[in-house]
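So you can see what is in the structure, the chains are spelled out below.
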Amino acid sequence: MVLKFLDSDVNMDDYIKPKAYDLQDICRRITTGEGWVVLEGMFSSQDIEMAKERIFAGKLTNQGSFNNPDDRHNNYDGLKWGLLSRGKIFSKMAAHPTIMEVSCKLLGNKCRLSSLAANTVLPGMKGQQPHLDYPYYRHLWPESEDCMNLPPTHLLALQIVTLLTDFKPENGSTAIVPGSHINPKHPDNPEEFFSKAIQLTAKAGDVIMFAGPIQHCAMANNTSQIRCGILQHMVPLYITPFEDITYKVEPENEVIRQLLAVDNPHPILKYQRNNSKRGSIASGEDMDIKDIELGR
Ligand SMILES: O=C(O)CCC(=O)C(=O)O
C-alpha cells in the first residue's frame, strides 16, 4: 500500500494546546474526582489522517495472547501494538506537551511510556471485556482483599486515548464507571458494570485521559463507520512497562528519550562476582578478595 504521508511530512513543532486547559483541575478530576477528563482539539486533521493511514495499512491483527483473567481484554481483535515503530506521527502524538505535562504531574517527572497501541472497533464488532489497566491485574498483587487501595493521588497508570474518529455511544465509545478508581475493584460482574457505566462522547483530535484503576472497556460498534483511538499507557519510572516498545525505535528527541526511559540507570550493577570462581554465597566460597564492588 502506498502511503500519502512520509515521516518527513510530520511537523514535530505544531502542537495545539487543548481548549480551556487547567492542569490542577485536570489532575484533581483524574485522581480524587470522577477519574476521567476530555481535552478538546489537541491534534489537527492532518495528524489524524497520517496516523489512520498507518494503522489501516495492512491487516488489523492483534498479535497478543493474554490468558490471565484480568488480562483477557488484551486479546481484543481491534488492538494493534508497537505503534512507535510504525511511523514518526505516533512519536509526535505520544510526546504532546500537554500529555507530558499531565503525566509528569500525576506519575512523576520521569514517568515513562508503558504501551502505545491503536484500538479499532469495526462496524458490527462487539465490545471488550470490562477491566482495569495494567498494573492493576490481580496476579501481580498480594492476594489479600483491598491490596490495591492506594490513595487515588498515588496512581500507578494513566490511560490516554487520542481519538482518531469521533467517539459516541452508537459507535462503541469507551464505557467507564465514574469514581470506580477510588478503592479499585475488578468488574467481575458485567451486569453491575453496565448498570453503572457511562459512555464518553468526544471528537476526533480530542484526548480522553483516565485513571488506570477505573473500570472501563471499549463498547460495541453499531454503526457503519469505524471507531478508532490510540491507547497511550503511561506509568511511573519504577513500573515495568506493559509492552516491549524499545525495539527498532530511535529516540527522535529528549521527550522520546524520556518516554522510552533510555537514561534510566536502574537496575544498576553494584556488585560483580569474579567469573573465575563459582562458589555459592551460602557456602561462603565467594569471599574472593578479587570480587569487584562497584562504586555508587
Ligand atoms: O478503546 C477503548 O475505548 C478502551 C480500550 C481499553 O480500555 C484497553 O484496551 O485497555
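What counts as what
- Residue indices follow the written sequence of each chain, beginning from 1 at its first position.
- Thresholds applied to this predicted model are a pLDDT of at least 70 for local features of residues and 80 or more for the giving and counting of side-chain atom pairs; totals over whole chains, interfaces and linings are not thresholded and use all residues.
- Calculated side-chain values reflect all of the structure's heavy atoms, with hydrogen atoms and water omitted.
- If a single non-hydrogen atom of a residue is within 4 Å of a molecule or strand, that residue counts as near it.
- Side-chain atoms alone can form a polar contact between residues adjacent in sequence; in general such a contact is a pair of N or O atoms within 3.5 Å, and within protein one must be able to donate a hydrogen while the other accepts it.
- Each residue gets one of three labels, nonpolar for Ala, Val, Leu, Ile, Met, Phe, Trp, Tyr, Cys and Pro, charged for Asp, Glu, Lys and Arg, and polar for the others, Gly among them.
- Note on terminology: disulfide denotes any pair of cysteine sulfur atoms within 2.5 Å.
- Relative accessibility thresholds used throughout: buried, under 20% of the residue-type maximum; exposed, over 50%; partly exposed, between the two (1.4 Å probe, protein chains only).
- The salt bridge definition used is simple: a Lys or Arg side-chain nitrogen within 4 Å of an Asp or Glu carboxyl oxygen.
- Starting at the N terminus, helices and strands are each numbered in turn, a helix being any DSSP run of H or I of at least four residues and a strand any DSSP run of E of at least two.
- Following DSSP output, two strands are said to pair if at least two bridges run between them.
- Aromatic pairing here means that ring centres of Phe, Tyr or Trp (its six-membered ring) are within 6.5 Å. Orientation follows from the plane angle: under 30 degrees is stacked, over 60 is edge-to-face, and everything else is tilted.
- Note on geometry: a ring has a charge over it if NZ (lysine) or CZ (arginine) is within 6 Å of the ring centre and within 35 degrees of the ring normal.
- By the convention used here, residues are in contact when the closest approach between their heavy atoms is within 4.5 Å.

On to the site of the ligand. Taken together, His73, Asn119, Gln128, His131, Asp133, Thr174, His216, Ala218, Arg227 and Leu231 form the complete shell of residues around the ligand. For the ligand, an oxygen atom lies 2.6 Å from a polar atom in the side chain of Thr174. The contact in question runs from an oxygen atom of the ligand to an N or O atom on the side chain of His216, over 2.9 Å. Classifying every residue of the shell around the ligand by side-chain character gives two nonpolar, six polar and two charged.

Throughout the structure, instances matching the rule amount to zero disulfides. Take Cys104: it sits in no disulfide, and the sulfur closest to it among the cysteines is that of Cys111, at 4.0 Å. Exposure remark for Cys104: the relative accessible area of 16% places this residue in the buried category.

Under the criterion given, the structure shown has 13 salt bridges. Two residues, Glu49 and Lys4, come together in a salt bridge whose shortest N-O distance is 2.8 Å. Note that Glu49 is positioned in helix 2 (residues 45-55) and Lys4 in the segment before helix 1 (23-31), a separation of 45 residues in sequence. Judged by its relative accessible area of 37%, Glu49 falls in the partly exposed class.

This paragraph deals with the sheet that holds strand 6 (residues 198-199). Judged by pairing direction, the sheet is antiparallel, and its three strands sit side by side in the order 6-5-8 without closing on themselves. Strands with a single pairing partner mark the edges of an open sheet, and in this sheet they are strand 6 and strand 8 (216-217).

Inspection of the entire model under this criterion finds five aromatic pairs. With a centroid separation of 6.2 Å and 15 degrees between ring planes, the pair formed by Tyr136 and Trp141 is classed as stacked. Each of the two residues, Tyr136 as well as Trp141, counts as buried. The lysine or arginine in question, Lys92, covers the ring of Tyr15, its NZ or CZ lying 5.5 Å from the ring centre.

The set of residues buried in helix 2 consists of Asp47, Ile48, Met50, Ala51, Glu53, Arg54 and Ile55. On the buried face of helix 2, the contacting elements are strand 2 (79-80), helix 3 (88-94), strand 3 (112-121), strand 4 (158-163) and strand 9 (227-235).

The topology assignment puts Gln225 in the loop between strand 8 and strand 9. For Gln225, a relative accessible area of 54% puts it in the exposed group.

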